[in-house]
Amino acid sequence: MAITVKHQPTGTTYLPAYNDNIFISTEGDSSKYNGYNYKFNTRVKDSSNVVINMLKVPIHYGSTNKGVFNISKVIEGYVSHDWEYADTAASGCPNSIFEYNIDFGYEYATGATDVPILSTGDVSLTGKKIWNAALSPEDFINYDEDDYLMGAGSSAKFLTNRTSKKIYNDQKDWLYALNNGDLDHLYVDFSGGGSTTITSPTSDIVRFPIGANIPGGIPTGVTSYTIEPRDASSGSVGSSFTINLDDRCSKYETVDLFFLNRLGGVESFRFNMLRRDNFSINRKSYRANPYTLDNSAISYTYNNQSHNKTDFYTDSVQRTTLNSNLISEVEAVWLRELIMSPRVWMYDGSLKAINIATSEYEQRYHINDKVFNLTLEVEHTFADKSQRI
């Protein structure tokens, strides 16, 4: 009997890149797995069959003929993210997905001092894909790619853990979709009448600007709109998404944060209440000789303008405390993704990279607190360095 391979979760082509990606290899020939120093091997390759890495594992503890490979750490570095603040049309996301091939083999020796017999490529699997998602442990236990992969007759969701969202009419936002090839366009139905379509690229992952940056703009007087993913015959290929427009006013300047969510898309959230900016100053100093030799007067003196202590290195790190308007319990759950996001940007007239400095997050519930908002501390990525003297 030859090697057989099972991929776990079973029956999947698309897997979230930052969760476990497990293959179980079984050797059916007892004369081999009972040999000396038996090991299973696997070669992970890109879509052009260039070998990325080769892994070897012994027979798994508690088994007589099985080996277990978890290749997630090998290939997760081949995805990142795709986002452009200036988007005005739908775009593909080539950096958010990676296609790989993988094969399996074995090695063993017939004697204790014999050269091992190496066999590779006994079983090959092609066309496997990962995308830049990181599901929670609870969600990954029940992972089904049909929940995320849009196709004819599917109820798959957009790559967000929301089914509706409230944004301001001047707030940019995006929806991302995992596409099996059937997604042709988004049909957008505006409240009060009127509609538009957004043509989809043919990429595996596509992103659509659906906020203030929606192609053609948001018509005047609209208070909400529904977005439906459709195929070329206008049949449904996934679940719809609803945008509700927020018209609450604020005397404060607005700050929009854009963050990579758990499913690999970039979403936005607005802070339009009190903002405070603080700067942490870091200085390194030394004591210098303040005396100066005057050759003409033949004197060696100092005065009140002389520096005895010199700062030879100074930098500052800006921290900004942001406050949102009142939020719902559903938003409070979703915003934990913002707190945990590894990629966040801030727009307050200019776009800049930031990091979340808040390290504790209390999940708020209306049964405990009638009203609540989100207060968040962020740190600007770049330190501001002054002259070195």
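For every chain, the first residue of its written sequence is number 1, and the numbers climb from 1 along that sequence. Note on the predicted model: pLDDT of at least 70 is required for a residue's local features to be given, and 80 or more for side-chain atom pairs to be given and counted; whole-chain, interface and lining totals, by contrast, use all residues. Only heavy atoms go into the side-chain values, all of them from the structure, while hydrogens and water stay out.

How would you sum up the packing of aromatic side chains? Please name residues and give values.
Between rings of Phe, Tyr and Trp, where Trp is taken as its six-membered ring, a pair exists when centres lie within 6.5 Å; planes separated by under 30 degrees are stacked, by over 60 edge-to-face, and by other angles tilted. One pass over the structure, following the stated rule, counts 25 aromatic pairs. Residues F158 and F241 carry aromatic rings whose centres are separated by 6.4 Å and whose planes lie at 85° to one another, so their mutual orientation is edge-to-face. On the criterion of sequence distance, the pair formed by F158 in the loop between β10 (149–150) and β11 (164–168) and F241 in strand β17 (residues 241–246) is long-range, its members being 83 residues apart. F241 matches F158 in its accessibility class, with the two residues each being buried. A cation sits over an aromatic face here: R230 above Y187, 4.2 Å from the ring centre. A cation sits over an aromatic face here: K284 above Y313, 5.7 Å from the ring centre. In this text, helices come from DSSP runs of H or I with a minimum length of four residues, and strands from runs of E with a minimum of two, each type numbered from the N-terminal end. Under the scheme applied here, a residue whose accessible area is under 20% of the maximum for its type counts as buried, over 50% as exposed, and between as partly exposed, the area being computed with a 1.4 Å probe on protein chains only. Any Lys NZ or Arg CZ that is within 6 Å of a ring centre and within 35 degrees of that ring's normal is treated as a charge sitting over the ring.

Give a description of the nonpolar core that names residues and reports values.
To form a nonpolar core, buried Ala, Val, Leu, Ile, Met, Phe, Trp, Tyr and Cys residues must be joined to one another through side-chain atoms within 4.5 Å. If you look at the biggest cluster of nonpolar residues, it comprises 44 residues, and the most contacted ones within it are Y100, W131 and L178. Secondary-structure elements contributing two or more residues to this core are β2 (14–16), β4 (36–46), α2 (72–75), β8 (97–109), β9 (117–131), β12 (174–179) and β18 (255–260). Of the residues forming this core, the biggest block, seven residues, is contributed by β8. Any two residues whose heavy atoms approach within 4.5 Å at even a single point are treated as in contact. In this structure, L178 is in contact with Y14, I97, W131, Y148, L149, M150, L159, D204 and I205, ignoring residues within four places of it in sequence. One finds A90, A177, F190 and F241 within the second-largest nonpolar core, a separate group that totals 23 residues.

Which residues make up a nonpolar patch on the surface, and what values do they have?
Patch definition: residues with relative accessible area over 30% and no salt bridge; like charges joined within 9 Å; nonpolar side chains (Val, Leu, Ile, Met, Phe, Trp, Tyr) joined within 5 Å. Note on areas: Shrake-Rupley with a 1.4 Å probe; residue coverage comes only from the protein chains shown. Should a side-chain nitrogen of Lys or Arg be within 4 Å of a carboxyl oxygen of Asp or Glu, the pair is scored as a salt bridge. Nonpolar side chains collect at one region of the surface, where Y291, L293, Y300 and Y302 lie side by side and expose about 460 Å² of accessible area between them. Take Y291: it is sitting in the loop between β20 (276–287) and β21 (292–294). For Y291, a relative accessible area of 37% gives the class partly exposed.

Lay out the sheet that holds strand β6 (residues 66–70) in plain terms, naming residues and giving numbers.
A sheet is described by the order of its strands in space; here three strands give the open sequence β1-β3-β6, paired in antiparallel fashion. Strands at the two margins of the open sheet, each flanked by one partner only, are β1 (4–8) and β6. For this sheet the average axis-to-axis angle between neighbouring strands, irrespective of direction, equals 20°. Across five bridges, β1 lies against strand β3 (residues 22–26) in antiparallel orientation. Bridged to H7 within β3 is F23. By definition, two strands form a pair when at least two bridges between them are found by DSSP. Fitted lines through C-alpha atoms serve as axes, helices being fitted only where they are in contact, and the angles separating the N-to-C directions of these axes extend from 0 to 180 degrees.

Can you explain the pattern of salt bridges? Please cite residues and give values.
As enumerated under the stated definition, the model contains 17 salt bridges in all. Of the charged contacts in the structure, one is a salt bridge between D204 and K129, with a shortest N-O distance of 3.1 Å. Linking D204 in the loop between β14 (195–199) and β15 (205–209) with K129 in strand β9, this pair joins segments that are 75 residues apart in sequence. The salt bridge partner of D246 is R248, with a shortest N-O separation of 2.7 Å. With a relative accessible area of 8%, D246 lands in the buried category. Among the charged side chains, a network of salt bridges with common partners joins R275, D277, D348 and K352.

Residue-level account of empty space enclosed by the protein, with values.
A 1.4 Å probe that fits but cannot get out identifies a cavity on a 1 Å grid over protein atoms alone, an open set with protein on both sides within 12 Å along at least five of seven lines counts as a pocket, and a residue lines either if it has an atom within 4 Å of a point. Grid points are joined across faces, edges and corners, and a volume is the space filled by probe spheres set on the points. This model, assessed by the stated rule, comprises one cavity of 30 Å³ or more. In this structure, the largest cavity encloses a volume near 140 Å³. If you go around the largest cavity, you meet 17 residues; those closest to its centre are K166, Y168, F269, R270 and E331. At the level of secondary structure, the elements contributing two or more residues to the lining of the largest cavity comprise β11, β19 (266–271) and α4 (329–334). Looking at the lining of the largest cavity element by element, the count peaks at four residues for β11. Class assignment of the residues belonging to the lining of the largest cavity gives a composition of six nonpolar, five polar and six charged. Gly is put with the polar residues, along with every residue not named as nonpolar or charged; the nonpolar set is Ala, Val, Leu, Ile, Met, Phe, Trp, Tyr, Cys and Pro, and the charged set is Asp, Glu, Lys and Arg.

Tell me about the pairing of β19, and name the residues and values.
Within β19, six of the six residues are buried, leaving the element largely enclosed by the surrounding structure. Burial along β19 is two-sided: V266, S268 and R270 facing one way and E267, F269 and F271 facing the other are all buried. Bridging between β18 and β19 involves six bridges; their strand directions are antiparallel. Residue pairing across strands places V255 opposite F271, the latter belonging to β19. Between the antiparallel neighbours β18 and β19 lie five residues, among them G264 with a positive phi of about 95°.

Break down the side chain of N323 for me, citing the residues and quoting the values.
On the secondary structure map, N323 appears in strand β23 (residues 309–323). Judged by relative accessible area, which is 16%, N323 ranks as buried. Discounting chain neighbours no more than four positions away, the residues touching N323 are F271, N272, M273, L274, N373, L374 and T375.

An account of the environment of E99 is requested, with residue identities and associated values reported.
The topology assignment puts E99 in strand β8. Between the C-alpha atoms of E99 and T13, which are 86 residues apart in sequence, the distance is 9.5 Å.

An account of the environment of V79 is needed here, citing residue identities and associated values.
For V79, the position within the fold is in the loop between α2 and β7 (91–92). The sequence separation of V79 and W131 amounts to 52 residues, and the corresponding C-alpha distance is 6.8 Å. When residues no more than four places from it in sequence are discounted, the contact partners of V79 are A17, Y18, N95, S96, I97, F98, I130 and N132.

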